[in-house]
Amino acid sequence: MTDARYLDDADRLTFDATVEAVRGTDRVVLDQTYFYPTGGGQPHDTGTLSTAEQEWAVVDVQKRDRIEHVVAVGDGDAPEPGATVTGDIDAERRRAHMRYHTAQHLLSAVLLDEYDAETTGNQLYTDHAHLDCAYERFDETDLDHIESRLNELVDSDLPVRWYTLDRDEAEATLDPERTRLHLLPDSIREVRIVEIGDRDDPFDRTACAGTHVPSTGEIGTVVVTGRTTQGSSHERVEFVLR
């Protein structure tokens with residue numbers, strides 16, 4: 001199994017790794033990686049893999065039984081198994097995803113705390129994001145309040161941290177509604193927890209395998225751009241970061 005190092009150090013953008021396999025003509029499997037694969041509403045990283053002689057653009061990253069780095073076939077044959085390659089991650093794209101993912105956690109917490117609206121889905125991009133939740137309908141006053149509350153939390157510059165727990169311990173000790181552990185497959189026995197705020201009384205504590213900024217002050221200004229109805233008793237809140 002590829003060692004998924006992005007879970008430990010989201011700021012690392014350059015690394016060396018060994019090619020363990022090439023699947024098809026363009027899917028490279030490494031012994032370790034800092035490239036984030038698509039999942040949990042967060043898109044994959046892009047960047048390059050290179051040796052002293054050649055460079056390949058990484059255009060997609062997918063997590064199957066292993067993490068596969070899809071390289072542009074126009075850049076020549078994929079690197080051979082056993083080769084040492086240097087991975088370089090697109091810093092601007094990674095940073096945008098980190099900011100938006102942490103902002104989404106704040107939004108989920110605000111909606112749950114103040115509107116009893118549980119998050120049912122989310123999708124992040126480099127320049128906007130949306131979150132779906134179980135709620136009848138937000139009005140303009142609600143959206144203005146949500147935006148104001150989010151920016152208060154950004155201005156508070158709350159610390160963000162992550163750690164892993166045994167699944168049984170997490171289910172026994174953490175709030176199931178907020179962490180949404182029931183959404184994880186039973187096969188996942190070690191859970192990664194992301195917390196925002198004080199250690200003793202965090203503002204948010206959620207199971208998450210995404211990348212995040214180390215403090216809410218790095219998110220930037222949150223602008224709630226609108227809402228749409230997503231079927232019966234479900235709303236989508238859309239936002240951008242400045």
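Look a little higher up for the structure.
Since the structure is predicted, the reported quantities are computational estimates derived from the model, not experimental observations.

### Notes on the environment of Pro37
Along the chain, the position of Pro37 falls in the loop between β4 (32–33) and β5 (47–50). The spacing of Pro37 and Leu7 is 30 residues in sequence and 11 Å in space, taken between C-alpha atoms. When residues no more than four places from it in sequence are discounted, the contact partners of Pro37 are Tyr6, Gln42, His44, Val61, Gln62, Lys63 and Ile67.

### Considering the sheet that holds β5
Around the barrel, 6 strands lie side by side as β2-β3-β7-β6-β5-β8; this closed barrel has antiparallel pairing. This sheet shows a mean twist of 45° between the axes of neighbouring strands, independent of strand direction. In this sheet, strand β7 (residues 67–71) lies alongside strand β3 (residues 27–30) in antiparallel orientation, the contact comprising 3 bridges. Of the residues in β7, the one forming a bridge with Val28 is His69.

### So, the pattern of salt bridges
Within the structure shown, the criterion is met by 16 salt bridges. For Glu20, the salt bridge identified is with Arg66, shortest N-O distance 2.3 Å. Of this pair, Glu20 sits in strand β2 (residues 14–23) while Arg66 sits in the loop between β6 (55–63) and β7, and the two are 46 residues apart along the sequence. Looking at Glu20, the relative accessible area reads 44%, which means it is partly exposed. Of the charged contacts in the structure, one is a salt bridge between Arg23 and Asp65, with a shortest N-O distance of 2.9 Å.

### Brief notes about the sheet that holds strand β9 (residues 119–124)
Across the sheet, 4 strands lie side by side as β9-β10-β15-β14; this open sheet has antiparallel pairing. The sheet is open, and its two borders are formed by β9 and β14 (222–229), each paired with just one other strand. Each strand of the sheet is rotated relative to its neighbour by a mean of 20°, with strand direction disregarded. Where β14 lies against strand β15 (residues 234–241), 7 bridges are found, and the strand directions are antiparallel. Counted as the bridge partner of Val222 is Leu241 from β15. Strands β9, β10 (129–134) and β15 of the sheet are contacted by helix α1 (residues 91–115), whose axis makes an angle of about 140° with β15.

### Things to note about the environment of Val154
Along the chain, the position of Val154 falls in helix α2 (residues 140–155). Residue Val154 is classed as buried on the basis of its relative accessible area of 6%. Sequence-wise, Val154 and Ser215 are 61 residues apart; in three dimensions their C-alpha atoms are separated by 8.3 Å. In contact with Val154, other than residues within four places in its own chain, are Leu106, Thr216, Gly217, Ile219, Gly220 and Val222.

### Side note on the packing of aromatic side chains
Tallying each qualifying case throughout the model produces 7 aromatic pairs. Look at Phe15 and Phe35: their rings are 5.9 Å apart centre to centre, the planes differ by 75°, and that puts the pair in the edge-to-face class. In this pair, Phe15 sits in strand β2 while Phe35 sits in the loop between β4 and β5, placing the two residues 20 residues apart along the sequence. A relative accessible area of 0% means that Phe35 is categorised as buried. Ring pairing ties together the aromatic residues Phe15, Tyr34 and Phe35, which thus form one cluster.

### Observations regarding α1
Along an α-helix, residues three or four apart share an orientation, since each turn contains 3.6 residues. End to end, α1 covers 35 Å across 25 residues, agreeing with the expected 36 Å (1.5 Å per residue, within 8%). With 19 of 25 residues buried, α1 lies mostly within the body of the structure. With a side-chain oxygen lying 3.1 Å from the backbone nitrogen of Glu92, the N-terminal cap of α1 falls on Asp90. Of the residues flanking the end of α1, it is Asp116, one or two places downstream, whose phi is positive at about 50°.

Here is what the cut-offs are and how they apply
Residues numbered from 1 in each chain as written. Predicted model: local features only at pLDDT ≥ 70, side-chain atom pairs only at ≥ 80, totals over all residues. Heavy atoms only, no water. Helix = DSSP H or I, 4+ residues; strand = E, 2+ residues; numbered from the N terminus. Contact = heavy atoms within 4.5 Å. Pairing = 2+ DSSP bridges. Axes fitted to C-alpha atoms, helices over the stretch in contact; angles between N-to-C directions. Salt bridge = Lys/Arg side-chain N within 4 Å of Asp/Glu carboxyl O. Buried < 20%, exposed > 50% of the residue type's maximum accessible area, 1.4 Å probe, protein only. Phe/Tyr/Trp six-rings, centres within 6.5 Å; stacked < 30°, edge-to-face > 60°. Expected span 1.5 Å × (residues − 1). Polar contact = N/O pair within 3.5 Å; in protein donor to acceptor, adjacent residues only side chain to side chain.

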